[in-house]
Amino acid sequence: MQKTIKKLFRQNETYVFLILLALSFLIQVRSGQFYTSNNIVDIASAMIVPGLFAVGEFLVILSGGIDVSFPALASLTAYATTKLFLNLDYQGSVLLPMLMAIVIGAVLGMFNGFFVSFLRLPAMIVTLGTASVFKGIMQGTLESKQLAVIPAGMKAFGKQAIYTATNPVSGLSSKLPAAFLVFVGVLLLTFLVLRYTMFGRRLYAIGSDSIAAERAGLKVGRIRFFAYVLGGALAALGGTMYTCNVGAIAPSDLMGHRGMHSGRSASWQRHRQPVSGDYRDRAADHDSKQPADAGDSPVLEGRVYRRHYSHRHGGIVPFPRSKPWQGPVCKGGMSMVNRIFSKRTLNTPVFRMAVLMIVVLVAGASLQDSFLTLRNVQSICKQLAEYGILAV
């Protein structure tokens, strides 16, 4: 049990969860309505479309890429599918429109995967370009406008509820749509694929180090291509679920869900680029000081990488980056700062709990200027006693 607790507190996700839990508790103390059943149902309903987008984007980022075209892709797919079945006067179930949307989204994702995986173009530039292309097709070719009417099967699916919660105080009721089961099914299927299939293991491998994965015999381009295809399919599914829940579709409804750039993806792109100037000179100077049996020079396929030889690590390792406090002038003056903000200090539970308390206090102060008054402290202690956390 103690090993499990220590393992949990070594992960950043645990502290993110604690921060969210603390913030939600503050909102509960101030409003008294956060932990009500209808609010939990509303939060679960609001998670469906962003959650499907997040799963698709997660697969792409996991492969070492990035995709910022999924909002435009979802809008185009949802609008084209809805308009197609309206023109056909379709009266069947939602399964056929859902399947059609997934196929269209997968085809659009193939364009991103082809340019990024096989032509080796920058993922950010490609997906920004395809997002503009998708919006141009929707607004120019399809002459998109708001559709206030959707097919009967999609409308019926959006009105189906698997659970209804009513607030006893306010009398408000909230319904959990059936689309939530689709979201849960996608989460479960993604977990099984990533955990227990070779495709999932290979996806982790190429995202960690695509060069090492390629030398190990993995088809990096093919695996990354299928990651973009799956991302497009899930984005299209999210757009379809949004259309069913809202009961209408407008061209700009989904444009607000824009993904952000991943720092890790950029770092791996920089890692693969050739270097010159100061790094090249330092690498050459370092190799000149090595013994004769140090091995070949760090030139791989005509490119010099940020690598140097080290007998201590038993081979080729990344070339060390210079830090401003490691110079001869400021080394002594910044030694205390280096100790405080060292990796060992930042990874301690005490430091993380301190950051958690600071975030909670700042959030509480932002909710109301008089947050830390005696009256509010007594209210918080009373709430803790009701939950059995604090004995008064």
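As the structure is a prediction and not an experimental result, all values here were calculated from the model.

1. Structural notes on the overall build of the chain
1) Next: The helix and strand inventory of the chain stands at 18 helices and six strands.
2) Next: Across the chain, the fraction of contacts at a sequence separation of at least 24, relative to all contacts at a separation of at least 6, is 69%.
3) Next: Of the roughly 23,500 Å² of accessible surface on the chain, a fraction of 63% belongs to carbon and sulfur atoms.

2. Section: helix α10 (residues 198-208)
1) Next: Among the residues of α10, those classed as buried are Gly200, Leu203, Ile206 and Gly207. Down the axis of α10, the sector holding all buried residues measures 130°, keeping them to one side.

3. A word on the pairing of strand β1 (residues 161-166)
1) Next: Both β1 and strand β2 (residues 173-177) contribute to a ladder of five bridges, which runs antiparallel. When the sheet's bridge partners are listed, Ala161 is paired in β2 with Pro177.
2) Next: What sits between β1 and β2 in their antiparallel hairpin is a turn of six residues, with Gly171 showing a positive phi close to 80°.

4. Focus: the packing of α10 against helix α12 (residues 220-246)
1) Next: Following both chains from N to C, one finds α10 and α12 inclined at 105°, their axes separated by 10 Å at the closest point. The orientation of α10 relative to α12 falls into the category roughly perpendicular. On α12, the residues touching Phe199, Arg202, Leu203 and Ile206 of α10 are Val220, Ile223, Arg224, Phe226, Ala227 and Leu230.
2) Next: A class-by-class count of the residues in the contact of α10 with α12 yields eight nonpolar, no polar and two charged.

5. Brief notes about the environment of Ala233
1) Next: Looking at the element boundaries, Ala233 is found in helix α12.
2) Next: Relative accessible area serves as the criterion here: at 12%, Ala233 is assigned to the buried category.
3) Next: Sequence separation of Ala233 and Ala101 is 132 residues, and the distance between their C-alpha atoms is 7.7 Å.

6. Things to note about the side chain of Ser24
1) Next: With respect to the helices and strands, the residue Ser24 is situated in helix α2 (residues 12-31).
2) Next: When its relative accessible area of 9% is taken as the criterion, Ser24 is described as buried.

7. Focus on the pattern of salt bridges
1) Next: Overall, the coordinates contain one salt bridge when judged by the stated rule.
2) Next: Glu214 serves as the salt-bridge partner of Arg120, at 4.0 Å between the closest nitrogen and oxygen. One end of the pair, Arg120, is in the loop between α6 (95-118) and α7 (123-141); the other, Glu214, is in helix α11 (residues 210-215), with 94 residues separating them in the sequence.
3) Next: Of the residues examined, Glu214 reaches a relative accessible area of 41% and is grouped as partly exposed.

8. What about the packing of α6 against α12?
1) Next: Look at α6 against α12: their axes get within 6 Å of each other, and the N-to-C directions meet at 145°. The hand of the α6/α12 crossing is right-handed.
2) Next: Each residue belonging to the contact of α6 with α12 can be placed in one class, and the counts come to 15 nonpolar, eight polar and two charged.

9. Here's the deal with helix α9 (residues 179-196)
1) Next: For α9, spanning 18 residues, the distance from its first C-alpha to its last is 26 Å, which sits close to the expected 26 Å at 1.5 Å a residue.
2) Next: Taken together, the buried residues of α9 touch α3 (37-46), α4 (48-62), α8 (152-159), β2, α10 and α12.

10. Details of the confidence of the model for the chain
1) Next: For the chain, per-residue confidence averages 77 on the pLDDT scale, and residues scoring 70 or more make up 65% of the total.
2) Next: Mean pLDDT across the elements of the chain bottoms out in helix α13 (residues 263-272) (36) and peaks in α9 (96).
3) Next: Every residue in residues 257-337 is under pLDDT 50, and counting partners more than four places away or in other chains gives 91 contacts.

11. A look at a nonpolar patch on the surface
1) Next: Taken together, the side chains of Phe17, Leu21, Tyr35, Ile40, Ile43 and Met47 make up a nonpolar region of the molecular surface, amounting to roughly 540 Å² of accessible area.
2) Next: Elements with a minimum of two residues in the nonpolar patch: α2 and α3.
3) Next: One can find Met47 in the loop between α3 and α4.
4) Next: The class for Met47 is partly exposed, based on a relative accessible area of 39%.

12. Observations regarding unusual backbone geometry
1) Next: For Asp89, which is not glycine, the phi torsion reads 55° and is therefore positive.
2) Next: A relative accessible area of 55% means that Asp89 is categorised as exposed.
3) Next: Of note, Glu143 is a non-glycine position whose phi angle comes to about 50°, a positive value.
4) Next: Secondary-structure assignment places Glu143 in the loop between α7 and α8.
5) Next: Of the residues examined, Glu143 reaches a relative accessible area of 60% and is grouped as exposed.

13. Some thoughts on the nonpolar core
1) Next: Of all hydrophobic cores here, the largest spans 31 residues; its most connected members are Ile48, Leu52, Phe157, Leu203, Leu237 and Met241.
2) Next: Elements that contribute at least two residues to this core include exactly α3, α4, α8, α9, α10 and α12.
3) Next: Counting residues per element, this core draws most heavily on α12, which supplies seven residues.
4) Next: For Phe157, the residues in contact, after removing those within four places along its chain, are Val94, Ala178, Ala179, Val182, Met241 and Cys244.
5) Next: Counting residues in each nonpolar core, the second largest holds 19 residues, with Val49, Phe53, Phe134 and Ala236 among its members.

Reading the values: rules and limits
All residue numbers refer to position in the chain's written sequence, counted from 1. Where totals are concerned, whole chains, interfaces and linings use all residues; where local detail is concerned, this predicted model gives features only for residues with pLDDT of at least 70, and gives and counts side-chain atom pairs only at 80 or more. Working from all heavy atoms in the structure, the side-chain values ignore hydrogens and water. Strands here are runs of E lasting at least two residues and helices are runs of H or I lasting at least four, both read from the DSSP assignment and numbered beginning at the N terminus. In this analysis, two residues are considered to be in contact whenever any of their non-hydrogen atoms come within 4.5 Å of each other. Values of accessible area rely on a 1.4 Å probe in the Shrake-Rupley scheme; residue burial ignores everything except the protein chains shown. Accessibility here uses a 1.4 Å probe with only protein chains present; expressed as a share of the type maximum, an area under 20% marks a residue as buried, one over 50% as exposed, and anything in between as partly exposed. As used here, the arc is the angular range of directions from the helix axis to the C-beta atoms. Strands pair, by our definition, only if DSSP identifies at least two bridges between them. Axes here refer to lines fitted to C-alpha atoms; in helices the fit is confined to the stretch in contact. Angles between the N-to-C directions go from 0 to 180 degrees. Our angle categories are set so that under 35 degrees counts as roughly parallel, over 145 as roughly antiparallel, 65 to 115 as roughly perpendicular, and the remainder as oblique. As a working rule, the residues Ala, Val, Leu, Ile, Met, Phe, Trp, Tyr, Cys and Pro are called nonpolar, Asp, Glu, Lys and Arg charged, and the rest polar, with Gly in that last group. Any carboxyl oxygen of Asp or Glu that lies within 4 Å of a side-chain nitrogen of Lys or Arg is treated as forming a salt bridge with it. Helix crossings fall into two classes, left-handed where the near helix is turned counterclockwise from the far one by less than a right angle and right-handed where it is turned clockwise. One less than the number of residues in a helix, times 1.5 Å, gives the span that helix is expected to have. By definition, pLDDT measures how confident the predictor is in each residue, and it falls between 0 and 100. For patch building, the residue pool is restricted to those with more than 30% relative accessible area and no salt bridge; the joining distance is 9 Å between like charges and 5 Å between nonpolar side chains (Val, Leu, Ile, Met, Phe, Trp, Tyr). As used in this record, nonpolar core signifies buried Ala, Val, Leu, Ile, Met, Phe, Trp, Tyr and Cys residues forming a set joined through side-chain atoms within 4.5 Å.

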